[in-house]
Amino acid sequence: MLAHGLRQSVVDSPELIQDALIVANFALCAAVDDRTICKAPDWMYVRPVQPWPHSYPRRSYTPHTEGTVPFVVMEFLSATYGDEYSVEHTEEIGKWFFYEQVIKVPRYVIFRPHTGRIEVYALESERYDNQNPDENGRYLIPGLDLFLGVWEDLAKVERALGCAGGMRKESYFCGRKNGRKTNASEPKTNVSGRKTNASGPKTKVSGPIIANSKTKS
(Lines give C-alpha, C1' and ligand atoms only; values in the text may rest on other atoms or scores of the structure.)
Protein backbone atom coordinates (compact mmCIF):
# COMPACT_ATOMS: atom_id res chain seq x y z
CA MET A 1 0.00 0.00 0.00
CA LEU A 2 2.77 2.46 0.89
CA ALA A 3 4.77 1.75 -2.24
CA HIS A 4 1.64 1.83 -4.41
CA GLY A 5 0.75 5.29 -3.11
CA LEU A 6 4.23 6.61 -3.89
CA ARG A 7 4.16 5.13 -7.36
CA GLN A 8 0.72 6.54 -8.12
CA SER A 9 1.65 10.07 -7.14
CA VAL A 10 4.60 9.94 -9.58
CA VAL A 11 2.63 8.21 -12.33
CA ASP A 12 0.17 11.11 -12.27
CA SER A 13 2.94 13.25 -13.84
CA PRO A 14 3.52 11.93 -17.40
CA GLU A 15 6.91 13.60 -17.71
CA LEU A 16 8.16 11.60 -14.71
CA ILE A 17 7.25 8.16 -16.04
CA GLN A 18 8.74 8.39 -19.53
CA ASP A 19 11.78 6.05 -19.65
CA ALA A 20 11.49 5.61 -15.87
CA LEU A 21 11.68 2.58 -13.60
CA ILE A 22 9.36 2.93 -10.59
CA VAL A 23 9.43 -0.25 -8.53
CA ALA A 24 9.00 -1.75 -5.06
CA ASN A 25 11.00 -4.62 -3.54
CA PHE A 26 13.04 -4.78 -6.72
CA ALA A 27 16.65 -5.97 -6.95
CA LEU A 28 19.18 -3.15 -7.26
CA CYS A 29 22.54 -4.71 -8.17
CA ALA A 30 26.21 -3.80 -8.45
CA ALA A 31 29.61 -5.49 -8.55
CA VAL A 32 31.55 -5.33 -5.26
CA ASP A 33 34.98 -6.99 -5.09
CA ASP A 34 34.22 -9.55 -7.77
CA ARG A 35 30.82 -10.26 -6.24
CA THR A 36 27.41 -9.27 -7.49
CA ILE A 37 25.53 -7.68 -4.59
CA CYS A 38 21.80 -6.97 -4.77
CA LYS A 39 19.53 -5.13 -2.38
CA ALA A 40 15.77 -4.74 -2.72
CA PRO A 41 14.68 -1.28 -1.55
CA ASP A 42 11.02 -0.97 -0.62
CA TRP A 43 10.64 1.77 -3.23
CA MET A 44 12.91 3.11 -5.96
CA TYR A 45 12.72 5.68 -8.75
CA VAL A 46 15.18 5.67 -11.67
CA ARG A 47 15.15 7.79 -14.83
CA PRO A 48 16.15 7.32 -17.55
CA VAL A 49 16.62 3.58 -17.99
CA GLN A 50 17.33 1.75 -21.21
CA PRO A 51 14.39 -0.08 -22.81
CA TRP A 52 14.09 -3.69 -21.72
CA PRO A 53 14.85 -5.80 -24.84
CA HIS A 54 13.57 -9.16 -23.59
CA SER A 55 10.13 -10.78 -23.66
CA TYR A 56 10.34 -11.81 -19.99
CA PRO A 57 9.89 -9.22 -17.22
CA ARG A 58 12.80 -7.23 -15.85
CA ARG A 59 13.70 -8.66 -12.43
CA SER A 60 16.68 -6.51 -11.45
CA TYR A 61 18.40 -3.24 -12.27
CA THR A 62 22.12 -2.48 -12.53
CA PRO A 63 23.07 1.23 -12.72
CA HIS A 64 25.49 2.37 -15.45
CA THR A 65 24.84 -0.87 -17.34
CA GLU A 66 21.09 -0.40 -17.78
CA GLY A 67 20.71 3.29 -17.07
CA THR A 68 21.44 5.93 -14.47
CA VAL A 69 21.72 5.79 -10.69
CA PRO A 70 18.32 5.95 -8.91
CA PHE A 71 17.19 9.42 -7.86
CA VAL A 72 15.90 8.00 -4.57
CA VAL A 73 15.54 4.72 -2.71
CA MET A 74 13.29 4.22 0.28
CA GLU A 75 13.17 1.66 3.07
CA PHE A 76 10.12 1.07 5.29
CA LEU A 77 11.22 -0.02 8.76
CA SER A 78 9.39 -2.71 10.69
CA ALA A 79 9.35 -2.90 14.46
CA THR A 80 12.50 -5.04 14.24
CA TYR A 81 14.44 -3.54 11.36
CA GLY A 82 17.48 -5.05 9.73
CA ASP A 83 20.48 -3.47 8.02
CA GLU A 84 18.95 -0.19 6.82
CA TYR A 85 21.58 1.69 8.87
CA SER A 86 24.38 -0.86 8.39
CA VAL A 87 27.75 0.28 7.04
CA GLU A 88 29.12 -3.27 7.06
CA HIS A 89 31.24 -3.81 3.97
CA THR A 90 33.40 -6.88 4.54
CA GLU A 91 31.66 -10.25 4.59
CA GLU A 92 28.22 -8.69 4.34
CA ILE A 93 27.23 -5.44 2.65
CA GLY A 94 24.85 -3.26 4.66
CA LYS A 95 22.14 -1.30 2.89
CA TRP A 96 23.46 2.06 4.08
CA PHE A 97 26.95 1.26 2.73
CA PHE A 98 25.51 -0.16 -0.49
CA TYR A 99 23.36 2.88 -1.27
CA GLU A 100 25.95 5.44 -0.11
CA GLN A 101 29.31 4.03 -1.20
CA VAL A 102 28.50 1.52 -3.93
CA ILE A 103 25.52 2.85 -5.87
CA LYS A 104 25.85 6.45 -4.59
CA VAL A 105 22.12 7.14 -4.57
CA PRO A 106 21.57 10.92 -4.14
CA ARG A 107 18.64 10.51 -1.70
CA TYR A 108 18.15 7.69 0.81
CA VAL A 109 14.84 7.74 2.69
CA ILE A 110 14.00 5.70 5.79
CA PHE A 111 10.36 5.68 6.86
CA ARG A 112 8.92 4.28 10.10
CA PRO A 113 5.23 3.47 9.48
CA HIS A 114 4.55 2.74 13.14
CA THR A 115 5.50 6.26 14.24
CA GLY A 116 5.12 8.26 11.04
CA ARG A 117 8.76 9.38 11.25
CA ILE A 118 10.63 9.98 8.02
CA GLU A 119 14.38 10.47 7.59
CA VAL A 120 15.88 11.84 4.39
CA TYR A 121 19.61 11.62 3.73
CA ALA A 122 21.39 13.49 0.93
CA LEU A 123 24.68 12.35 -0.53
CA GLU A 124 27.10 15.20 0.16
CA SER A 125 30.89 14.87 -0.11
CA GLU A 126 30.40 11.11 -0.61
CA ARG A 127 28.58 10.72 2.72
CA TYR A 128 24.90 10.76 3.66
CA ASP A 129 23.88 13.89 5.54
CA ASN A 130 20.61 14.02 7.45
CA GLN A 131 18.31 16.64 5.89
CA ASN A 132 15.96 19.00 7.68
CA PRO A 133 12.39 19.38 6.40
CA ASP A 134 10.98 22.68 5.22
CA GLU A 135 8.56 24.70 7.34
CA ASN A 136 5.73 22.38 6.28
CA GLY A 137 7.56 19.19 7.21
CA ARG A 138 8.41 18.13 3.65
CA TYR A 139 11.61 17.30 1.77
CA LEU A 140 12.42 18.27 -1.80
CA ILE A 141 13.64 15.37 -3.95
CA PRO A 142 15.84 16.88 -6.70
CA GLY A 143 15.27 15.47 -10.15
CA LEU A 144 11.64 14.58 -9.44
CA ASP A 145 10.68 18.20 -8.71
CA LEU A 146 8.48 16.79 -5.95
CA PHE A 147 8.27 17.07 -2.21
CA LEU A 148 8.20 14.04 0.07
CA GLY A 149 6.22 14.23 3.29
CA VAL A 150 4.04 12.37 5.78
CA TRP A 151 0.30 12.70 6.35
CA GLU A 152 -1.84 11.10 9.04
CA ASP A 153 -4.96 11.06 6.88
CA LEU A 154 -4.15 10.71 3.20
CA ALA A 155 -7.71 10.05 2.07
CA LYS A 156 -8.58 13.74 2.32
CA VAL A 157 -5.28 14.79 0.76
CA GLU A 158 -5.97 12.50 -2.18
CA ARG A 159 -9.38 14.05 -2.75
CA ALA A 160 -8.12 17.61 -2.40
CA LEU A 161 -4.80 17.50 -4.21
CA GLY A 162 -4.63 14.36 -6.28
CA CYS A 163 -1.81 12.93 -4.17
CA ALA A 164 -1.91 9.20 -3.49
CA GLY A 165 -3.02 7.91 -0.12
CA GLY A 166 -5.50 5.97 1.94
CA MET A 167 -3.66 4.87 5.10
CA ARG A 168 -2.69 6.94 8.10
CA LYS A 169 0.93 7.92 8.58
CA GLU A 170 1.97 7.13 5.03
CA SER A 171 4.62 8.82 3.00
CA TYR A 172 3.53 10.65 -0.15
CA PHE A 173 4.82 12.74 -3.00
CA CYS A 174 3.20 16.00 -4.08
CA GLY A 175 4.23 18.27 -6.92
CA ARG A 176 5.90 21.62 -6.44
CA LYS A 177 5.27 22.84 -9.98
CA ASN A 178 5.36 26.64 -10.10
CA GLY A 179 5.63 26.67 -6.30
CA ARG A 180 1.87 27.10 -6.07
CA LYS A 181 0.27 26.43 -2.69
CA THR A 182 -3.10 24.96 -1.89
CA ASN A 183 -5.90 26.80 -0.16
CA ALA A 184 -4.48 27.91 3.19
CA SER A 185 -7.91 27.62 4.79
CA GLU A 186 -7.64 23.81 4.74
CA PRO A 187 -7.89 22.57 8.36
CA LYS A 188 -4.60 21.59 9.95
CA THR A 189 -3.42 18.70 12.06
CA ASN A 190 -0.35 17.94 14.12
CA VAL A 191 1.92 15.43 12.33
CA SER A 192 4.04 14.54 15.35
CA GLY A 193 2.50 11.10 15.55
CA ARG A 194 -0.65 11.95 17.52
CA LYS A 195 -3.60 10.05 16.14
CA THR A 196 -6.71 11.78 14.86
CA ASN A 197 -10.19 10.49 14.13
CA ALA A 198 -9.96 9.23 10.57
CA SER A 199 -13.70 9.08 10.00
CA GLY A 200 -16.46 11.61 9.67
CA PRO A 201 -16.41 15.35 8.91
CA LYS A 202 -14.00 16.12 11.77
CA THR A 203 -11.06 14.47 10.00
CA LYS A 204 -8.14 16.88 9.61
CA VAL A 205 -4.98 16.96 7.55
CA SER A 206 -1.73 18.79 8.11
CA GLY A 207 -1.33 22.36 6.92
CA PRO A 208 -0.99 23.75 3.37
CA ILE A 209 1.15 21.67 1.02
CA ILE A 210 2.70 22.35 -2.35
CA ALA A 211 0.40 21.02 -5.08
CA ASN A 212 0.66 20.21 -8.74
CA SER A 213 0.13 23.20 -11.02
CA LYS A 214 -3.02 21.53 -12.36
CA THR A 215 -4.62 21.43 -8.92
CA LYS A 216 -7.49 23.79 -8.45
CA SER A 217 -7.63 26.00 -5.37
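Residues numbered from 1 in each chain as written. Predicted model: local features only at pLDDT ≥ 70, side-chain atom pairs only at ≥ 80, totals over all residues. Heavy atoms only, no water.

**Comments concerning the overall build of the chain**
Within the chain one finds 4 helices and 12 strands. In the chain, buried positions account for 46% of the 217 residues. Put simply, of all contacts in the chain between residues at least 6 apart along the chain, 59% involve residues at least 24 apart. (Helix = DSSP H or I, 4+ residues; strand = E, 2+ residues; numbered from the N terminus. Buried < 20%, exposed > 50% of the residue type's maximum accessible area, 1.4 Å probe, protein only. Contact = heavy atoms within 4.5 Å.)

**Topic: the sheet that holds strand β8 (residues 117-124)**
Spatial strand order, β1-β4-β6-β7-β8-β9: 6 strands in an open sheet with mixed pairing. Two strands lie at the open edges of the sheet, namely β1 (21-23) and β9 (127-130), each paired on one side alone. Between one strand axis and the next, the sheet turns by 15° as a mean value, whatever way the strands run. One ladder, built from 6 bridges, connects strand β7 (residues 107-112) with β8; its direction is antiparallel. Bridge pairing links F111 to I118 in β8. Where helix α3 (residues 95-103) meets the sheet, its contacts fall on β6 (72-76), β7, β8 and β9, and the angle it forms with β9 comes to roughly 110°. (Pairing = 2+ DSSP bridges. Axes fitted to C-alpha atoms, helices over the stretch in contact; angles between N-to-C directions.)

**Quick word on α3**
Along α3, 7 of the 9 residues are buried, which leaves the element largely enclosed by surrounding structure. Along α3, the residues that are buried comprise K95, W96, F97, F98, Y99, E100 and I103. K104 lies just past α3 and shows a positive phi near 65°.

**Quick word on the sheet that holds strand β3 (residues 35-39)**
In any sheet, the strands associate via hydrogen bonds between backbone groups, in a parallel or an antiparallel arrangement. Here 3 strands make up an open sheet; going across it, the order is β3-β2-β5 and the pairing mixed. The strands lining the two open edges of the sheet, one partner per strand, are β3 and β5 (60-61). Strand direction decides the pairing type here: strand β2 (residues 27-32) and β3, joined by 5 bridges, are antiparallel. Along β3, the bridge assignment pairs L28 with K39.

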